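# Structural characterization, general
These are the residues of each chain, in order.
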Amino acid sequence: MGWNSWDSYGTTVTESEVLANARFMAEHLKDAGWDTIVVDIDWYDPTARAHGYNANAPLILDEYGRQLPDPERFPSAAGGHGFAPLAEQIHAMGLKFGVHMMRGIPRLAVDNNLPVKGTPYTAQEVADLNHVCKWNSDNYGLNHNHSGAQAWYDEQLDLFASWGLDFLKVDDMQTPFHSAEIAAYHNAIAKAEAKYGRSISLSLSPGGWVSTGYTEFLRDSAQMWRISDDLWDRWEDIYQQFPRLARWAPFQTTGHWADADMLPLGHIGLRAERGADRQSRLTEDESRTLLALWCMGRSPLMVGGDLPTSTSATIELLANPALREVTAGSTNNHETVYERIFERWDDENSYLGDLVVWAADAAECADGTPSAHSGGHYAAIFWTGDRDYELPATIELQSIVGLSQRNDPWTITNLFDDETNATGETDVTGARIEGEGEDRVIRGTIPAHGVLWFALDPR
């Protein structure tokens, strides 16, 4: 659970903006589980701008071709200090600090044939000029048939670890899927962790076309891996994540997560790649759907809005303790229903939307935090249609709590408002239990593009 500068600032974030978001997180969101601050792409480009990348950018590199922060945007990095002073300030707030990095070796290092630290090799010898990123021209690939390629990553990671970084988002790794690059980066992180005695989480991007067949390799290599391309504040982007998260949910394990991408919530687009300065265009119901779906699918949560200037309603959503509670404290997460709904069964032109149901079991968190709903279950009933939908008597209670518990008494807790109906028959969202025995069902009205998200506790 963290903040990433991409949705707000694209390639242009400054040290003061990073610190402002870190202070806000420490004061308002840390207690709800948010604990990581990430500087996204091109922190080493002094000519970085909004809405795109610069060809032949004059990247700031050390004598071995390793990237250094732009001291104009990150004044504490001046004098060769790198990100160490900024990391120290963020750690003092009780938070973790990370940065974005591109696959490969800088073109400038190759053009200038800089030495690979600790080896007799040069950048030209270890570079692969054929495997380059299609959308960013900063780097060449690495030739992993040459031993100097691993040494390049080893020395890059040694520098990052010496700064005290906790998190690395490494891009252009999965589309196409560069297994040799991923393995080499993982090995470099392992060496740095052993040397400096601190763990570094690896997040892989982007995620288009990533196969579940890579799961074991990814678990061995990384803590997070994207399962889609960039997601923005459009309902269509959210809608497309339903089948992706359903496909990956059975593969989620604690510490190794399929990542549905950032949360474009709050104040975004200040100087971003896409769109103008704005509060997220997602409605409140769409924002709730986004959060509930990510949590039920156990995706990492990385918010992109500038926290100090986001709306109080956005911060209230992010401060909801249920986000961490469900993401970290649930198991057996799965989609139980996905049905296209028509106003008339015999008219294909009367399509209204999709009804999607997720269920999970409440569980103790991996760090030992007890479950807030011990012995209970979580459920989310999503509606993708453009107008409110009255849930018919089709979602059986037993499909969520299990056949053996269908006759037990249950209390419903709305996970957004944290209000409980002690009778177990209804809550403020309109979700209610009707019927007896195997005929007990969940009923209620779901808003357009909205969700009923609730816990069921035994009484």
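Below you will find a few notes about this structure. (Residues numbered from 1 in each chain as written. Predicted model: local features only at pLDDT ≥ 70, side-chain atom pairs only at ≥ 80, totals over all residues. Heavy atoms only, no water.)

The subject of this paragraph is the overall build of the chain. Assigned secondary structure in the chain consists of 13 helices and 22 strands. Here the chain has a C-alpha radius of gyration of 23 Å; the compact-globule value for 459 residues is 23 Å, and the two agree. Along the three orthogonal principal directions, the C-alpha set of the chain runs to about 75 × 45 × 40 Å. Within the chain, the proportion of its 459 residues that are buried is 58%. Residue pairs in contact within the chain that sit at least 24 positions apart in sequence constitute 71% of those at least 6 positions apart. When the accessible surface of the chain is split by element, carbon and sulfur atoms take 48% of a total near 18,000 Å². Averaged over its 34 positive side-chain charges, the chain has a centre that lies 3 Å from the centre of its 68 negative ones. (Helix = DSSP H or I, 4+ residues; strand = E, 2+ residues; numbered from the N terminus. Rg over C-alpha atoms; globule rule 2.2 N^0.38 Å. Buried < 20%, exposed > 50% of the residue type's maximum accessible area, 1.4 Å probe, protein only. Contact = heavy atoms within 4.5 Å. Areas by Shrake-Rupley, 256 points an atom, 1.4 Å probe, with all protein chains shown as cover. Lys, Arg positive; Asp, Glu negative; His and termini not counted. Charge placed at Lys NZ, Arg CZ, Asp CG, Glu CD.)

Ordered in space as 17-21-20, the 3 strands form an open sheet in which the pairing is antiparallel. Edge strands, defined here as strands with exactly one partner in the open sheet, are strand 17 (389-391) and strand 20 (432-434). With direction set aside, neighbouring strand axes in the sheet form an average angle of 25 degrees. In this sheet, strand 21 (residues 441-446) lies alongside strand 17 in antiparallel orientation, the contact comprising 3 bridges. Bridge assignment links Leu391 to a residue of strand 21, and that residue is Gly444. (Pairing = 2+ DSSP bridges. Axes fitted to C-alpha atoms, helices over the stretch in contact; angles between N-to-C directions.)

Here we take up empty space enclosed by the protein. Enumeration over the complete set of coordinates arrives at 1 cavity of 30 Å³ or more. Within the residue set of the lining of the largest cavity, elements represented by two or more residues are strand 7 (167-171) and strand 9 (224-226). (1 Å grid on protein atoms, 1.4 Å probe; cavity = no way out; pocket = protein on both sides within 12 Å on 5 of 7 lines; lining within 4 Å. Points joined across faces, edges and corners; volume = space filled by probe spheres on them.)

Moving on, we come to the side chain of Arg66. As for its placement among the helices and strands, Arg66 is situated in the loop between strand 2 (36-39) and helix 3 (84-92). Of the residues examined, Arg66 reaches a relative accessible area of 7% and is grouped as buried. Among the polar contacts made by the side chain of Arg66, one reaches the side chain of Asp62 at a distance of 2.8 Å. At a separation of 2.8 Å, a polar atom in the side chain of Arg66 contacts the main-chain carbonyl oxygen of Glu155. Residues contacting Arg66, with those up to four places away along its chain left out, are Ile60, Leu61, Lys117, Trp152, Glu155, Gln156 and Leu159. (Polar contact = N/O pair within 3.5 Å; in protein donor to acceptor, adjacent residues only side chain to side chain.)

This part takes up the nonpolar core. If you look at the biggest cluster of nonpolar residues, it comprises 122 residues, and the most contacted ones within it are Trp34, Trp43, Phe97, Ile105, Leu168, Tyr185 and Trp453. Leave out the neighbours within four places in its chain, and Leu168 touches Val99, Leu157, Phe160, Tyr185, Ile189, Ile200, Ser201, Leu202 and Ser203. One finds Leu397, Ile400, Val401 and Ile412 within the second-largest nonpolar core, a separate group that totals 22 residues. (Core = buried A, V, L, I, M, F, W, Y, C linked by side-chain atoms within 4.5 Å.)

This part takes up the environment of Gly375. Within the secondary structure layout, Gly375 lies in the loop between strand 15 (351-362) and strand 16 (377-383). Residues in contact with Gly375, not counting those within four places in the same chain, are Trp410 and Pro458.

Let's shift gears to unusual backbone geometry. Among all residues save glycine, negative phi is the norm, and among peptide bonds the norm is trans. Look at the link from Thr175 to Pro176: it is a cis peptide, with omega at 5 degrees. Relative to the elements of secondary structure, Pro176 occurs in the loop between strand 7 and helix 7 (179-196). Here the residue pair Ser205 and Pro206 is connected by a cis peptide bond, since its omega of -25 degrees sits within 30 degrees of zero. One can find Pro206 in the loop between strand 8 (201-204) and helix 8 (215-221). In this structure, Asn113 takes a positive phi of about 50 degrees despite not being glycine. By the element assignment, Asn113 lies in the loop between helix 4 (107-111) and helix 5 (123-126). On the basis of relative accessible area, Asn113 is assigned to the partly exposed category, the value being 30%.

On to the sheet that holds strand 13 (residues 302-303), then. Pairing is parallel across the open sheet formed by 8 strands, whose spatial order is 10-9-8-7-3-2-1-13. Each end of this open sheet is capped by a strand with a single partner; those strands are strand 10 (257-259) and strand 13. Sheet strands in contact with helix 2 (residues 15-29) are strand 1 (2-4) and strand 2, and its direction is about 165 degrees off that of strand 2.

Worth remembering: the numbers are spatial, not functional.
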